[in-house]
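Survey of secondary and tertiary structure
One-letter residues, chain by chain:
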Amino acid sequence: MTLAGLANHVVLAWGWKRRLIALLAGALSALAMAPFDLFPILALTLPVFVWLLDGAGAGRKGLRAAFASGWWFGFGYFLAGLYWIGFAFLVEAEKFAWLLPLAVIGLPVGLAIFTGFGAMLARLLWSATPFRILAFAFGLSISEWLRGTILTGFPWNGFGYALTSTPYLAQSASLFGLWGLTLIALAAFGSPAALADSGAEKKHRWLPVALAALVLVSLGAFGWHRLSNTKVAEVAGVRLRLMQPNIPQDAKWRPAAKPHIMRKYLSLSDRATAPERQGVQDITHLIWPESAFPFLLDRDPEALKQIADLLPPGKVLITGAIRAEASLPGQTKTRVYNSIRVLNDLGAIVASYDKLYLVPFGEFLPFQNLLESIGLQQLTRVRGGFDAGTRRRPLHVAGLPAAAPLICYEAIYPGYVLPEGPRPRWILNVTNDAWFGISPGPYQHFAQARVRAIEEGLPLVRAANNGISAIIDPLGRIVTSLPLGIEGVIDGPLPTALEATFYARHRDGLALLLAAIFVIAALTARRRKLRGKS
């Protein structure tokens with residue numbers, strides 16, 4: 001079958017065949033994300049999406065058909081890319097397994113609404129010209145931005161991440177950020193759809209592909225130049241140790257597991273990694289992952305003493321921990337925070353940061369009181385849910401430059417990682433992905449956090465319970481890391497920060513400019529086409 005014949009088959013498909021084509025194309029598109037990183041597959045699946053919109057028709061019926069095609073594509077994409085979220089409901093299967101279908105099916109059902117909306121928006125700008133590729137990229141990019149923003153947002157596996165799995169293309173994040181890369185990725189990988197054009201547009205069918213190739217080569221050349229000509233030094237006098245305990249999630253929250261957890265933390269943290277290494281004696285700062293303890297650290301003198309005994313004079317521990325705060329006057333609920341705590345060598349807590357972006361159904365329930373009254377709980381089973389921090393503040397740690405602290409999936413939000421005030425010099429991300437086992441989830445989380453380092457021009461230090469723990473330089477290069485699913489420690493330097501990137505200075509300015517160009521070009525082509533018909 002020729003390419004034109006395949007496109008014609010997709011355009012004319014209807015009913016269940018049309019839905020199945022969209023579903024399969026969306027599911028295959030998930031292979032562009034970590035850990036597979038087969039981003040060229042989008043050059044096969046996104047043209048199918050474009051052809052589906054070609055066949056949607058005009059008027060209100062056409063908009064409904066476009067929405068349906070987009071919804072089925074999005075449903076396949078999110079189902080294949082996010083099925084691993086269901087693993088969290090099996091940690092305490094006797095309590096939460098019944099919610100597994102809601103997580104695995106319900107979340108993609110909801111997220112696909114954004115993709116359907118993007119397809120409908122694109123169809124409003126549609127024309128039977130190569131410029132419809134720009135309408136496609138604009139419509140889907142707007143819906144992706146909305147998905148990452150509305151109701152706290154969930155920008156997981158944005159299409160722009162397809163351009164960040166290779167180090168050269170990934171450098172473009174320092175210019176465009178995730179949303180700009182999403183526009184580029186959708187236009188570039190959707191462009192082969194024009195190769196099947198016929199009629200008056202046949203003579204222009206190679207132009208979109210040629211322009212897409214030119215753009216990708218240019219971005220790769222920029223990345224090569226940036227990697228080849230940017231020097232990254234090390235912060236003097238700093239030696240970090242990241243401890244990855246790999247504690248199963250079903251044990252992590254049991255108070256009875258406290259002695260075992262503390263023994264593991266203390267022994268791992270002081271492990272000699274080479275004959276010439278002497279454990280914590282040889283480092284300046286020790287970092288433990290998110291919500292490290294099944295108890296309140298600041299209310300456990302024994303644990304604080306154990307930490308003080310572990311730390312030699314002048315050494316510092318940075319760790320995730322749950323923090324509780326007395327209720328406000330007139331309230332009975334104790335406020336509980338997912339926090340980062342900084343402890344000195346006396347076991348005293350000297351600094352804290354409280355998580356701002358909480359995980360729905362993991363750390364809180366929408367309509368918390370109502371749902372709790374009928375017996376529902378979030379996965380962490382904290383009565384009343386966690387409370388969110390009030391503002392994003394820098395974390396000040398003795399012996400280190402100011403840090404931008406991020407807990408868990410706070411690292412997936414482009415443009416929102418920096419605290420108030422002067423620009424920090426590194427990003428600290430503590431997380432616990434043990435909820436999701438050995439699945440694509442932790443790989444995707446790591447890949448997205450790495451892009452934040454490139455966007456901001458800041459090194460990233462990531463401590464994860466079960467991996468992937470790593471030190472990443474401000475160009476997104478891994479200095480040292482521990483793979484998923486093992487226990488251990490890694491020692492390494494803290495890379496220095498770069499000057500603020502274009503994206504850090506202007507945020508989504510370049511993405512907005514690209515979006516304006518795309519929509520103006522698409523509207524102009526549509527008007528000319530309609531004028532020609534009349």
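Quick summary incoming for the structure in this document. (Residues numbered from 1 in each chain as written. Predicted model: local features only at pLDDT ≥ 70, side-chain atom pairs only at ≥ 80, totals over all residues. Heavy atoms only, no water.)

**Side note on the packing of aromatic side chains**
Within the structure shown, the criterion is met by 18 aromatic pairs. With a centroid separation of 4.8 Å and an interplanar angle of 25 degrees, the aromatic rings of Tyr-77 and Phe-159 are classed as stacked. Taken together, the residues span a long stretch of sequence, with Tyr-77 in helix 4 (residues 59-82) and Phe-159 in the loop between helix 7 (132-147) and helix 8 (167-170) at a distance of 82 residues. The exposure class assigned to Tyr-77 is buried, which follows from its relative accessible area of 2%. (Phe/Tyr/Trp six-rings, centres within 6.5 Å; stacked < 30°, edge-to-face > 60°. Helix = DSSP H or I, 4+ residues; strand = E, 2+ residues; numbered from the N terminus. Buried < 20%, exposed > 50% of the residue type's maximum accessible area, 1.4 Å probe, protein only.)

**Regarding a nonpolar patch on the surface**
A contiguous nonpolar surface patch, about 320 Å² in accessible area, is contributed by Met-1, Leu-3 and Leu-6. Structurally, Leu-3 can be placed in helix 1 (residues 3-12). A relative accessible area of 36% places Leu-3 in the partly exposed class. (Patch = residues over 30% accessible without salt bridge, like charges linked within 9 Å, V, L, I, M, F, W, Y side chains within 5 Å. Areas by Shrake-Rupley, 256 points an atom, 1.4 Å probe, with all protein chains shown as cover. Salt bridge = Lys/Arg side-chain N within 4 Å of Asp/Glu carboxyl O.)

**Comments concerning the pattern of salt bridges**
Overall, the coordinates contain 19 salt bridges when judged by the stated rule. With a shortest N-O distance of 2.6 Å, Lys-258 and Asp-300 are connected by a salt bridge. Here Lys-258 is found in helix 12 (residues 258-269), whereas its partner Asp-300 is found in the loop between strand 2 (285-287) and helix 13 (301-310), with 42 residues between them in sequence. Here Lys-305 and Asp-309 are joined by a salt bridge, their closest N and O atoms 2.9 Å apart. Placement of the pair is Lys-305 and Asp-309 together in helix 13, with a separation of four residues, close to one helical turn.

**Regarding the pairing of strand 4 (residues 335-343)**
Among the nine residues of strand 4, nine are classified as buried, and the element is accordingly described as predominantly covered. Taking every second residue as pointing to the same face, both faces of strand 4 are buried, with Arg-335, Tyr-337, Ser-339, Arg-341 and Leu-343 on one and Val-336, Asn-338, Ile-340 and Val-342 on the other. Relative to strand 4, strand 3 (residues 316-325) runs antiparallel, the two being bridged by nine bridges. For Ala-324, the partnering residue across the bridge sits in strand 4 and is Val-336. In terms of strand pairing, strand 4 meets strand 5 (residues 349-354) through five bridges, oriented antiparallel. Note on strand 5: the bridge partner recorded for Ser-339 is Asp-354. The antiparallel hairpin formed by strand 4 and strand 5 contains five residues in its connecting segment, where Gly-347 sits at a positive phi of about 80 degrees. (Pairing = 2+ DSSP bridges.)

**Let's talk about the pairing of strand 11 (residues 488-492)**
Of all five residues in strand 11, five are buried; the element is thus mostly enclosed. Going residue by residue along strand 11, you find Gly-488, Ile-490 and Gly-492 tucked away on one face and Val-489 and Asp-491 tucked away on the opposite face as well. In the sheet, strand 1 (residues 240-244) pairs with strand 11 via five bridges, with the strands oriented antiparallel. Among the inter-strand pairings, Met-243 is bridged to a residue of strand 11, identified as Val-489.

**Describing the sheet that holds strand 11**
The strand order across the open sheet built from six strands is 5-4-3-2-1-11, with neighbouring strands paired in mixed fashion. The strands lining the two open edges of the sheet, one partner per strand, are strand 5 and strand 11. Adjacent strand axes in the sheet meet at a mean angle of 30 degrees when their direction is disregarded. Against the sheet, helix 12 touches strand 1, strand 2 and strand 11, its axis set at about 145 degrees to strand 1. (Axes fitted to C-alpha atoms, helices over the stretch in contact; angles between N-to-C directions. Contact = heavy atoms within 4.5 Å.)

**Overview of the side chain of Ser-339**
When you line up the elements, Ser-339 lands in strand 4. In this structure Ser-339 comes out as buried when scored by relative accessible area, which is 1%. Within the structure, Ser-339 has its side chain in polar contact with the side chain of Asp-354 (distance 2.6 Å). Apart from residues no more than four positions distant in its own chain, Ser-339 is found in contact with Thr-319, Gly-320, Ala-321, Arg-323, Tyr-353, Asp-354 and Ile-407. (Polar contact = N/O pair within 3.5 Å; in protein donor to acceptor, adjacent residues only side chain to side chain.)

**Looking at the side chain of Thr-319**
Considering the arrangement of structural elements, one finds Thr-319 in strand 3. Judged by its relative accessible area of 0%, Thr-319 is buried. The residues contacting Thr-319, other than those within four sequence positions of it, are Trp-288, Pro-289, Ala-292, Phe-293, Leu-297, Ser-339, Ile-340, Arg-341 and Leu-343.

**Overview of the sheet that holds strand 9 (residues 469-472)**
Taken in spatial order, the five strands of this open sheet run 6-7-8-9-10, and their pairing is mixed. Sheet topology places strand 6 (403-407) and strand 10 (478-482) at the edges, where each strand pairs with a single neighbour. Strand-to-strand twist of the sheet, defined as the mean angle between neighbouring strand axes without regard to direction, takes the value 10 degrees. For strand 6 and strand 7 (residues 426-431), the ladder comprises five bridges, and the chain directions are parallel. In the strand pairing of strand 7, Ala-403 is matched with Trp-426.

**A word on helix 13**
Those residues of helix 13 not exposed but buried are Ala-303, Leu-304, Ile-307, Ala-308 and Leu-310. The arc that holds every buried residue of helix 13, seen down its axis, measures 160 degrees, which confines them to one face. The exposed set on the far side of helix 13, more than 90 degrees from its buried face, consists of Pro-301, Lys-305 and Asp-309. For helix 13, the secondary structure elements touched by its buried residues are helix 12, strand 2, strand 3 and strand 4. (Arc of directions from axis to C-beta.)

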